[in-house]
Structure formats: C-alpha cells, structure tokens
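A structural walkthrough
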Amino acid sequence: MLKFIKEWTLPLAMTVGALTHAWMGRLSFLTPYLIFLMLLITFCKMSWKDIRFHHAHIWLLLIQLAGNALIYVLIRPFDEVVAQGAMLCVLAPTATAAAVITGMLGGNVGFLTAYVLFCNIAVAVLAPIEFSMIGVHENLPFLLSVWHICRKVFPLLILPLLVAFALRLWVPKVHRALLSVPKLTFYLWTVALVIVTGITVHDMLSRKASDLRTVIGLALTSLVICCLQFLVGRRIGRRYGDPVSSGQGLGQKNTILALWMAQTYLHPLVSIAPATYILWQNMINSYQLWKKRK
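Here we summarise the structure given alongside this text. Since this is a predicted model, take the numbers as computed values, not measurements.

Here we look at the pattern of salt bridges
Overall, the coordinates contain one salt bridge when judged by the stated rule. Close ionic contact of Arg76 with Glu80 constitutes a salt bridge, the shortest N to O distance being 3.0 Å. The class for Arg76 is partly exposed, based on a relative accessible area of 47%. Assessed through its relative accessible area of 26%, Glu80 is described here as partly exposed.

Printed below as a string of structure tokens:
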C-alpha cells in the first residue's frame, strides 16, 4: 500500500487538492512555510565541498534569467496572461528534487546541487524587479513595489540557506535531527502540492467560460517551454560532457514555488502554467528513467 501511494503521489495529491478546493484557500498561508522548510532541508543536505562553479552554470543562468524576460516580451502582444505564465516557467528555480533524479540518471549531483543554490539566489534578486515591472502593485512607486515583493521572496529563498549554514556550524544536533528524517521533504512537498492544486482548481472554477482559451494557451505554452528547457539544457551539458545534469538543472522546476508566486503576485490564471508544468516535467522524467533502465 505504501509503495502504491509513493508511486502515485503526484496524481493522488492533485486529486485530493482538486476535490477539497473549497477549503484549500484557508490553508494558503502555510505554503511559504512549507517552501521554506523544503529549501532548509535541501541546503542542510548540501556538502559545501561540492559547491563549485562550473562554466555550464553561466549558460544555464543566462538562459533562465534573460530567457524569461525575452519570452515575456515576445508573447505579451498576443496575451498578457500567457506571457506571464511563460515567463514564470522559465524564471522558476530548479527543483530541490532534481538532484535525486540527476543521480538516478547517472548525472553529476554536485553540479546540480550547486546550481540549485546559485539559481535560488539569482531568482530571489530578479523576481521582485520583474514582477514590479510587469505591473504588480502598480498603484505603488516602482522601488516601493520592488521592496514590497522582495520582503517576501528574498527571505523565502535566501534565509533557508543562512539558517542551514548556522545550524551546521552552531547547532549540529538540530542539523542532524533534520537529516534523520530523509523523506521529510517528500511529505512537505505532498502537503504543499495538495494546497496549491486546490487553490488553482478553485480559481479555475470561478472563472468565466471565456477564459478557457487562455487556460489552453497556458497549458500548451508550459508544455513547449518544458520540452525546450530540457532539450537546451542537455545541449549545453553535452559541450561539457554531462547532458543529464544541465538538462535537469534547466528543465526540472520548483513548481510549488512557481505556483505560490503566481497565486501571490500575478494574474490568478497564471498558476495554470506551473500547475501543468508539473505534469509535463514528471512525464519527461518518467520517460528518462524508463529509457535509463532499458
């Protein structure tokens, strides 16, 4: 039974969230805390000796940080909401679970772990600026809007790193206690997925039928972007002899964080993009793991 639940966690969590969508709004305040804890445990697991900057990191960061702005500018004339969804699918940092998949596929876990750290720092700096530029808190002056968003995003992404470093250095007992429950991140991710799925479904059901075109556009756009990021990442990685790590680093996203950003700072329908991205990236990962076993 436990094996069945673990293998079907993604559809089960999303199904529970969809069925209980009417109550999930009351739990939305938990999402940033769950993200914080997941990042904290991830950073606690990091071996600082493995944190080394590679040349491939530069290309991945350039694509992630410049590519999201470019794709927003290209799609915006056709649909503002789809443009925001596309931007978020590129901007979102690498998933903490990407290191696990990278190891299973035979990639360099140290490379991927370092990239998780670098891209989280970069997104913490860039996201408040970009969200302010596309009209979030448009009733506020630009710098005040940046500060307003930065107060929530920056601590969520950077504070776990500082806390993990402090625990390792000064409170090793707590540090060991967090590492003693290896599946804690998995359980936190499941709870967070139920909540954000419920909120997304509730937003979808409250929309008009005329929004269906936008919903389809967001889902298809996230599919194209997901495939492109895996392919481009692997192409870059091939130049450095490690296509798996670069492919996972660019393609496998922290969709829980992306969903929270969409629901907090962007148009409510934008959350459709990271919600469907969850499905696309898991389908690609499943195919890669199947191919590896074969």
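Examining helix H13 (residues 243–251)
Judged by how many residues are buried, H13 sits mostly within the fold: eight of nine residues are covered. Those residues of H13 not exposed but buried are Val244, Ser245, Ser246, Gly247, Gln248, Gly249, Leu250 and Gly251. Contact partners of the buried residues in H13: helix H5 (55–75), helix H7 (98–104), helix H8 (109–133), helix H12 (212–239) and helix H15 (272–293).

Considering the nonpolar core
With 83 residues, the main nonpolar core has Ile35, Leu88, Phe131, Val153, Leu193, Trp260 and Met261 as its most contacted residues. Looking at which element gives the most residues to this core, the answer is H8, with eleven residues. Setting aside anything within four residues of it in sequence, one finds Leu88 in contact with Phe131, Ala258, Met261, Ala262, Leu266, Val270 and Pro274.

Here we look at the side chain of His57
Positionally, His57 belongs in helix H5. Once residues lying within four places of it in the same chain are set aside, the contact partners of His57 are Arg52, Phe111, Ala114, Tyr115 and Phe118.

A word on the layout of surface pockets
One way to see where empty space is left: roll a probe the size of a water molecule over the atoms. Estimates place the volume of the largest pocket at around 1,500 Å³. Looking at the largest pocket, it is lined by 41 residues, and the ones nearest its centre are Ala97, Val100, Ile101, Phe186 and Gln252. Only helix H1 (2–7), helix H2 (9–19), helix H4 (31–45), H7, H8, helix H11 (184–205), helix H14 (255–265) and H15 provide two or more residues apiece to the lining of the largest pocket. A class-by-class count of the residues in the lining of the largest pocket yields 20 nonpolar, 14 polar and seven charged. Surrounding the second largest pocket, Leu105, Cys227, Phe230, Leu231, Arg234, Val244, Ile284, Tyr287, Gln288, Lys291 and Lys292 form its lining. Among the elements that line the lining of the second largest pocket, the one with the most residues is H15, at five residues. A class-by-class count of the residues in the lining of the second largest pocket yields seven nonpolar, one polar and three charged.

A short note on the packing of aromatic side chains
Applying the stated rule across the entire model yields five aromatic pairs. Centroid distance Trp260 to Tyr265: 5.9 Å. Interplanar angle 85°. Geometry classified as edge-to-face. As far as the burial class goes, Trp260 and Tyr265 line up, both buried.

Structural notes on a nonpolar patch on the surface
On the surface, a cluster of nonpolar side chains totalling about 670 Å² of accessible area is made up of Ile121, Val125, Ile129, Met133, Phe142, Leu143 and Phe154. Those elements that place two or more of their residues in the nonpolar patch are H8 and helix H9 (142–170). Among the elements that line the nonpolar patch, the one with the most residues is H8, at four residues. Counting through the fold element by element, Ile129 comes out in helix H8.

Considering the environment of Val123
Tracing the backbone shows Val123 in helix H8. Distance from Val123 to Val73, taken between C-alpha atoms, is 18 Å for residues 50 residues apart in sequence. Val123 has contacts with Gln64, Leu91, Pro93, Pro128, Leu157 and Met261, leaving out every residue within four places of it along the chain.

Examining the environment of Gly249
Counting through the fold element by element, Gly249 comes out in helix H13. Given the relative accessible area of 0%, Gly249 is considered buried. In this structure, the C-alpha to C-alpha distance between Gly249 and Tyr115, residues 134 residues apart in sequence, is 6.8 Å. Contacts of Gly249, omitting those with residues within four sequence positions, involve Thr94, Leu112 and Tyr115.

Considering the packing of helix H6 (residues 80–91) against H15
Remark: H6 packs on H15, axes separated minimally by 8 Å, with the N-to-C direction vectors making an angle of 50°. What the angle tells us is that H6 and H15 run oblique. Helix-helix and strand crossings are classified by hand; for H6 and H15 the assignment is right-handed. Residues Gly85, Leu88 and Cys89 of H6 pack against Ala273, Pro274 and Tyr277 of H15. Grouping the constituent residues of the contact of H6 with H15 by class yields five nonpolar, one polar and no charged.

Procedures and definitions
Residues numbered from 1 in each chain as written. Predicted model: local features only at pLDDT ≥ 70, side-chain atom pairs only at ≥ 80, totals over all residues. Heavy atoms only, no water. Salt bridge = Lys/Arg side-chain N within 4 Å of Asp/Glu carboxyl O. Buried < 20%, exposed > 50% of the residue type's maximum accessible area, 1.4 Å probe, protein only. Helix = DSSP H or I, 4+ residues; strand = E, 2+ residues; numbered from the N terminus. Contact = heavy atoms within 4.5 Å. Core = buried A, V, L, I, M, F, W, Y, C linked by side-chain atoms within 4.5 Å. 1 Å grid on protein atoms, 1.4 Å probe; cavity = no way out; pocket = protein on both sides within 12 Å on 5 of 7 lines; lining within 4 Å. Points joined across faces, edges and corners; volume = space filled by probe spheres on them. Nonpolar A, V, L, I, M, F, W, Y, C, P; charged D, E, K, R; others polar. Phe/Tyr/Trp six-rings, centres within 6.5 Å; stacked < 30°, edge-to-face > 60°. Patch = residues over 30% accessible without salt bridge, like charges linked within 9 Å, V, L, I, M, F, W, Y side chains within 5 Å. Areas by Shrake-Rupley, 256 points an atom, 1.4 Å probe, with all protein chains shown as cover. Axes fitted to C-alpha atoms, helices over the stretch in contact; angles between N-to-C directions. Parallel < 35°, antiparallel > 145°, perpendicular 65-115°, else oblique. Left-handed = near helix turned anticlockwise from the far one by under 90°.

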